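So you can see what is in the structure, the chains are spelled out below.
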Amino acid sequence: MAAQVSPGPGLQVGPTSEFSLFFHVRTGRGPALRAALKALQASPGYRPGDYDLPIAVIHEARFVLFDDDTRLLFATSFDGPWESYMVDFASKPLKLFAEIFQHLEGYTGLPDLESVRKFILSAQVTASAYARNYGRTVKEIRKAERVNRAFQQVLDGPAAAEALQAPALAPLLAEAAD
């Protein structure tokens with residue numbers, strides 16, 4: 001599936017949009033910004049392996065300091081329309097993000113959705129190209145993982161051998177053998 005211009009900023013492939021922000025770091029704030037990013041990474045939902053980001057439609061998010069800590073890239077991909085993502089983002093406790101954003105030029109606080117939108121859009125750049133390796137939403141992926149865990153439990157059960165002889169299960173078993 002080819003990337004398409006989304007109804008909001010960024011490109012869209014299937015149900016998922018990319019979003020790239022390039023900020024200028026306030027002079028001398030690189031070390032403090034690194035510390036704020038480290039604090040975010042240590043927070044519940046953002047720790048490696050947590051897989052439970054507070055904004056449930058995000059596939060991944062990354063911050064990259066570059067140009068000798070004078071620039072910051074924030075890149076993510078998310079399911080659904082941009083406006084829904086912004087509303088979801090603005091409805092979460094923004095304290096951790098305020099701790100990051102305070103080190104960026106143009107940040108004056110995020111008192112309401114319009115302020116969040118304006119600040120974000122001031123740094124947004126649409127990707128020149130965007131591709132994905134799968135066409136599913138976060139919700140669909142999480143459901144597939146739950147179904148797989150349940151299926152593995154069935155396979156491990158003592159009565160599984162007899163039940164798995166049913167011809168209707170042959171396609172499922174063939175896929176599971178992969």
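Conventions used here
- Residues numbered from 1 in each chain as written.
- Predicted model: local features only at pLDDT ≥ 70, side-chain atom pairs only at ≥ 80, totals over all residues.
- Heavy atoms only, no water.
- Patch = residues over 30% accessible without salt bridge, like charges linked within 9 Å, V, L, I, M, F, W, Y side chains within 5 Å.
- Areas by Shrake-Rupley, 256 points an atom, 1.4 Å probe, with all protein chains shown as cover.
- Salt bridge = Lys/Arg side-chain N within 4 Å of Asp/Glu carboxyl O.
- Lys, Arg positive; Asp, Glu negative; His and termini not counted.
- Charge placed at Lys NZ, Arg CZ, Asp CG, Glu CD.
- Helix = DSSP H or I, 4+ residues; strand = E, 2+ residues; numbered from the N terminus.
- Buried < 20%, exposed > 50% of the residue type's maximum accessible area, 1.4 Å probe, protein only.
- Core = buried A, V, L, I, M, F, W, Y, C linked by side-chain atoms within 4.5 Å.
- Contact = heavy atoms within 4.5 Å.
- 1 Å grid on protein atoms, 1.4 Å probe; cavity = no way out; pocket = protein on both sides within 12 Å on 5 of 7 lines; lining within 4 Å.
- Points joined across faces, edges and corners; volume = space filled by probe spheres on them.
- Nonpolar A, V, L, I, M, F, W, Y, C, P; charged D, E, K, R; others polar.
- Phe/Tyr/Trp six-rings, centres within 6.5 Å; stacked < 30°, edge-to-face > 60°.

Peer 1: How should I be thinking about a positive patch on the surface in this particular structure?
Peer 2: Together, Lys139, Lys143, Arg146 and Arg149 give the surface a local cluster of positive charge. If you trace the backbone, Arg146 turns up in helix 5 (residues 138–156). Overall, the relative accessible area of 48% leaves Arg146 in the partly exposed class.

Peer 1: I tried to follow unusual backbone geometry on my own but got confused; where do I start?
Peer 2: Backbone geometry follows two general trends: most residues other than glycine have a negative phi, and most peptide bonds adopt the trans configuration. Phi at Asp67 takes a positive value of approximately 50°, unusual for a residue other than glycine. For Asp67, the location among the structural elements is in the loop between strand 4 (58–66) and strand 5 (71–79). For Asp67, a relative accessible area of 48% translates into the label partly exposed. With phi around 55°, Asp68 is a residue other than glycine that occupies positive phi space.

Peer 1: Is there a simple way to explain the nonpolar core in this structure?
Peer 2: Counting 31 residues, the largest nonpolar core has Leu72 and Phe101 as the members making the most contacts within it. At the level of secondary structure, the elements contributing two or more residues to this core comprise strand 3 (16–24), helix 1 (30–41), strand 4, strand 5, helix 2 (82–91), helix 3 (95–101) and helix 4 (113–121). In this structure Phe101 touches Phe89, Tyr107, Leu110, Phe119 and Ile120, once residues within four positions along its chain are discounted.

Peer 1: Would you mind showing me how to read empty space enclosed by the protein here?
Peer 2: A probe matching the size of a water molecule, rolled over the atoms, marks out where space remains unfilled. Counted by the stated rule, this structure contains one cavity of 30 Å³ or more. One number sums up the size of the largest cavity: a volume of about 80 Å³. Around the largest cavity sit Phe19, Leu21, Phe23, Phe63, Phe74, Tyr85, Met86, Phe89, Phe97, Phe101 and Ile120, which together line it. At the level of secondary structure, the elements contributing two or more residues to the lining of the largest cavity comprise strand 3, helix 2 and helix 3. Classifying every residue of the lining of the largest cavity gives eleven nonpolar, no polar and no charged.

Peer 1: What am I meant to see in the packing of aromatic side chains here?
Peer 2: Two aromatic rings, taken as a pair, are described by how far apart their centres are and by the angle between their planes. Enumeration according to the criterion identifies 16 aromatic pairs in this entry. Ring centres of Tyr46 and Phe97 lie 6.1 Å apart, and the angle between their planes is 75°; on these two criteria the pair is classed as edge-to-face. With Tyr46 in the loop between helix 1 and strand 4 and Phe97 in helix 3, the pair connects residues that are 51 residues apart, well separated along the chain. Accessibility assignment for this pair places Tyr46 and Phe97 in one class, buried. Pairing Phe97 with Phe101 gives two aromatic rings, centres 5.9 Å apart and planes at 40°, and the pair type is tilted. Separated by four residues within a single helix, Phe97 and Phe101 lie in helix 3, roughly one turn from each other. Summarising the burial analysis for this pair, Phe97 and Phe101 share the class buried.

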